[in-house]
Amino acid sequence: MALENGQPVFLSYPAIREGPGVPYKNEDQPIPVFRGLPLAIGATLTANIGLVQSVLWRTGGFDVVRNIPDLDKYAPCYDPTVTPVRTSAQSTSENAATLPIPKTKIKGDAGYYTTADYRAIYESGDLTPTAVVESLLAVTRRDIKPPGKHSVAFLEIAVEKIRAAAAASTQRYKDGKPLGPLDGIPVTVKDEVHMEGYKRTLGSKMDFTGQFAGSTSWCVKKWEEAGAIVIGKSTMHELGLDTTNNNPNFGTPLNPHSPSYYCGGSSGGSAYAVGAGLVPLALGADGGGSIRIPSSFCGVWGLKPSHSRVSGFPTIGLAPSVGVLGPIASNIDDLALAYRTMAEPANASDDAKSAAFPHPLSELTSQSRPKNRTIGVMRDWLDRAEEPVRSVFDRALAFYRDQGYSIIDMNIPYIPEGARAHVLTIMAEIASGLSPAQIKNLTAPNKVLVSLGMYQITSTDFLAAQRMRSLLMSHLAFLFQKYPGLLIFTPTSPIPGWKIAGGKADLARGVSDGGASVRNMEYVWLANFTGCPAISCPGGYVESDRHRVPVGVMAMGEWGAEEDLIAFARDGEGVLDVDKGKGDVVGLSERSGLTIPCGAEAVWEDVIANAKKVGGS
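Residues numbered from 1 in each chain as written. Predicted model: local features only at pLDDT ≥ 70, side-chain atom pairs only at ≥ 80, totals over all residues. Heavy atoms only, no water.

### Considering helix α1 (residues 36–48)
For α1, built from 13 residues, the straight-helix expectation of 18 Å at 1.5 Å per residue is met to within 8% by its first-to-last C-alpha distance of 19 Å. Taken as a whole, α1 has its buried residues at Leu39, Ala43, Thr46 and Ala47. Buried residues of α1, seen end-on, are gathered within an arc of 95° and therefore sit on one face of the element. Those residues of α1 that are exposed and angled more than 90 degrees off the buried face are Leu37 and Asn48. (Helix = DSSP H or I, 4+ residues; strand = E, 2+ residues; numbered from the N terminus. Expected span 1.5 Å × (residues − 1). Buried < 20%, exposed > 50% of the residue type's maximum accessible area, 1.4 Å probe, protein only. Arc of directions from axis to C-beta.)

### Comments concerning the packing of helix α13 (residues 415–432) against helix α15 (residues 459–482)
Two numbers describe how α13 lies on α15: the axes approach to 9 Å, and their chain directions differ by 125°. Viewed along their axes, α13 and α15 adopt a mutual orientation that is oblique. The way α13 lies across α15 gives a crossing that is left-handed. In this structure, α13 contributes Glu417, Gly418, Ala421, Leu424, Thr425 and Ala428 to the contact, and α15 contributes Asp461, Phe462, Ala465, Gln466, Met468, Arg469 and Leu472. Partitioned by chemical class, the residues of the contact of α13 with α15 number seven nonpolar, three polar and three charged. (Axes fitted to C-alpha atoms, helices over the stretch in contact; angles between N-to-C directions. Parallel < 35°, antiparallel > 145°, perpendicular 65-115°, else oblique. Left-handed = near helix turned anticlockwise from the far one by under 90°. Contact = heavy atoms within 4.5 Å. Nonpolar A, V, L, I, M, F, W, Y, C, P; charged D, E, K, R; others polar.)

### Here we look at the packing of helix α2 (residues 50–59) against helix α14 (residues 444–455)
Helices that pack against each other are described as a pair by the angle of their axes relative to one another and the distance between those axes. It is the contact of α2 with α14, at a shortest axis distance of 10 Å, that shows an interaxial angle of 95°. Between α2 and α14, the crossing angle belongs to the class labelled roughly perpendicular. From α2, Gln53, Leu56 and Trp57 reach across to α14, where they touch Val448, Ser451, Leu452 and Tyr455. Within the contact of α2 with α14, the residues separate by chemical class into five nonpolar, two polar and no charged.

### Comments concerning the nonpolar core
Ranked by size, the top nonpolar core spans 85 residues in total, and within it Leu239, Trp381, Ile412, Leu476 and Trp559 carry the most contacts. The residues touching Leu476, leaving out its near neighbours within four places in the chain, are Ile412, Ile488, Thr530, Cys532, Met556 and Trp559. Ile157, Val189, Tyr198 and Trp223 belong to the second largest nonpolar core, which has 84 residues in total. (Core = buried A, V, L, I, M, F, W, Y, C linked by side-chain atoms within 4.5 Å.)

### As for α15
Spanning 24 residues, α15 covers 35 Å between terminal C-alpha atoms, matching the ideal 34 Å at 1.5 Å per step. Taken across its 24 residues, α15 has 17 buried, putting it largely inside the fold.

### Structural notes on the environment of Glu386
Examined against the element boundaries, Glu386 turns out to sit in the loop between α11 (379–382) and α12 (387–402). For the pair Glu386 and Pro494, spaced 108 residues apart in sequence, the C-alpha separation works out to 5.8 Å. Contacts of Glu386, omitting those with residues within four sequence positions, involve Pro494, Ile495, Pro496 and Arg519.

### Some thoughts on the sheet that holds strand β16 (residues 534–544)
Taken together, the eleven strands give an open sheet; going across it, the order is β6-β8-β7-β9-β11-β10-β16-β17-β14-β12-β13, and neighbouring strands pair in mixed fashion. The open sheet terminates on both sides in strands that have one partner only, identified here as β6 (154–156) and β13 (406–409). Going across the sheet, the axis of each strand differs from the next one's by a mean of 35°, ignoring polarity. Across the sheet, helix α6 (residues 218–225) is in contact with β7 (186–190), β8 (229–234), β9 (281–286) and β11 (324–329); its angle to β9 comes to roughly 170°. (Pairing = 2+ DSSP bridges.)

### Notes on unusual backbone geometry
With an omega of 15°, the peptide bond between Gly265 and Ser266 qualifies as cis. In this structure, the amide linkage connecting Phe313 to the following residue, Pro314, adopts the cis form with an omega of 5°. The phi dihedral of Tyr414 falls on the positive side, at around 55°, and the residue is not glycine. The residue Tyr414 is located in the loop between β13 and α13 in this model. A relative accessible area of 10% places Tyr414 in the buried class.

### Re the confidence of the model for the protein
Here the protein averages 89 in pLDDT, while 88% of its residues score no lower than 70. Segment residues 92–97: pLDDT under 50, and ten contacts once partners within four positions in sequence are set aside and those in other chains are kept. This model gives residues 579–602 a pLDDT under 50, and the stretch forms 53 contacts once residues within four places in sequence are excluded. (pLDDT = per-residue confidence, 0-100.)

This is the structure:
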């Protein structure tokens, strides 16, 4: 990117202004939990009675945003896109650096096969993409009897399209002409984007494919052009409107580390597929932590890019000012590979915002980014994490200090109020994409949320939320200028996983737990609301129910700082080394049919074995 006085130059950079020095104060809201018959009755009442909606709205404390006195000093910000300015050398992808190829790990420390492992197997001739795909189809398809044991994570699978892509990749390897490091790699894609041959339902019983039927979103197309084989669309939380991935419409995949816990959402199907060892990488979408939370819960890596950087054209998300598309992967090398491929700028005529960004490969050799290794922490905010999570985080922080990072204390004003402004914004945007008649087709929890978003958010509330966005972006700009290269470090979630408290009944009918939902987004929302990039990294495990539940740690950087975050994550790979030598991880129950990937055999052991039975054809 371009430099001015040694600093990066941006388009639409926020006004650099330190926010008010208000003391941090936060309290959990006493939002009631509804499940079962009371939830069904309450959802119907909420969808039809304004008084019920009003009571729930006030109980959630959302009216606090409009009463903040400092907001009148800030103009509303409706789009948090901040774009690094290209240098002339970055003007085209042809000038980009050569794509780094991950090294073969052969089922690394975490028990996962990597893209490099698959490439080595294909190049040796021991297996072909066709053999691997056939083995995967046997365990992921819903339309066979019995359904594949992992089919609950896959919404739709276009079998003939997948087989054709595998056959083409197999022929390229036979000819000695693979397209590159993604050729023949099985991946999955969240049901939020358009794909030729697939419907787009957003995890609902409705069809949102619309006029773009037959189209494939730009970022998925980039993966396919690189030879990746999309083995199907993964399930998601209906409309992306919560962070558990509970989906009574199509089923809920259970956490691959502990089946009594959720995978996290709303990209839970994608995170399951990676965390269970079925694919090395997957596409997710993140409007309020929906890539990072499931990555944390499933013990894998997730990147939420800068707002507008990754193009989903022609897909337009239901929450366009907070939502982005990004990768989930089993290792940091593949996360970087997936991001650098999918983030190629779109055509200006299709997506002018994405087109304005530098090609991600051109930034690999760039000397423009600050080289400071500075971590910012906000102690009062960190104290909100539960003790087991805080313990994992503190250990990770100490690890980075030992790696030479400097740790500074910092403050961000209006954290609790900003979180409500974010929720208010995403609810309003999603509700605006639906009609009142469509509410009846939603599951009970989302009838409540969409009704509140449609009927209770006033223009005053929405404008106040966008002024809060402007305040927070200006304050972050102040921090990034004061501490060049600053990375804001937190846990990914303050809770050590989300247990399925109501068991099978919750999975069958859904559950409404607004307090837990807001709590789960405690640290992730800020990156969505302000457009900054953020990365979730596996940080450790918490003992629970004879299993180890994964806990993630997260760093958020300045706009356009994805490569800084990737470097930071790579520096922290050793954090998990402290868990070595503690013995094998307890296997999962028979009903899951899985073993835990971390420290034990990955599901891919079975996939590879089955593929060998299929043969090399």
